[in-house]
Amino acid sequence: MSDVIYIYVASTIQDILFETKVVVIDKPTSTIDNSQFIIDGDNYVGKDRYMELELVKKFPKELLNYKFLKHNGLATLRESTRTNNELHLVIHIKI
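For clarity, every value in this text was computed on a predicted model and none was experimentally measured.

Peer 1: When you look at the pattern of salt bridges in this model, what are you seeing that I'm missing?
Peer 2: Once the charged atoms of two side chains with opposite charge are near each other, the side chains can pair. Scanning all chains against the criterion turns up three salt bridges. Between Asp26 and Arg49 there is a salt bridge, and its shortest N-O distance comes to 3.4 Å. Of this pair, Asp26 sits in strand S2 (residues 15-27) while Arg49 sits in the loop between S2 and strand S3 (50-58), and the two are 23 residues apart along the sequence. Accessibility expressed as a relative area gives 46% for Asp26, which makes it partly exposed. Arg49 gets classed as exposed once you look at its relative accessible area, which sits at 66%.

This is the structure in structure tokens:
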């Protein structure tokens, strides 16, 4: 498996800060304890598919900010967004 996942940190940061690669998909249970990050457990009811990611790179703030991403073809940011080939290429040139 070699899919790349960029992790965008929203709120006041608004940057892609991490590049990860998919190691395992469709895990039936979580294998980490992330309870310290859960604000409202109701959001996780019925969510029983997990994936495992491996950190590839950590980027400095402002390198891949929202303005740069939008200027280079990012259509929208939602729960999950695919990059088009042009944006993917521009990200790799910049990093």
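Peer 1: In this structure, what is going on with the sheet that holds strand S1 (residues 4-9)? I would like to understand it.
Peer 2: Adjacent strands of a sheet pair through backbone hydrogen bonds, lying either parallel or antiparallel. In space, the three strands of this open sheet follow the order S1-S2-S3, with antiparallel pairing throughout. Each edge of the open sheet carries a strand with a single partner, namely S1 and S3. This sheet shows a mean twist of 40° between the axes of neighbouring strands, independent of strand direction. In this structure, S2 lies alongside S3, joined through seven bridges in antiparallel fashion. The partner of Val22 across the bridge, within S3, is Leu53.

Scoring rules and cut-offs
- Residues numbered from 1 in each chain as written.
- Predicted model: local features only at pLDDT ≥ 70, side-chain atom pairs only at ≥ 80, totals over all residues.
- Heavy atoms only, no water.
- Salt bridge = Lys/Arg side-chain N within 4 Å of Asp/Glu carboxyl O.
- Helix = DSSP H or I, 4+ residues; strand = E, 2+ residues; numbered from the N terminus.
- Buried < 20%, exposed > 50% of the residue type's maximum accessible area, 1.4 Å probe, protein only.
- Pairing = 2+ DSSP bridges.
- Axes fitted to C-alpha atoms, helices over the stretch in contact; angles between N-to-C directions.

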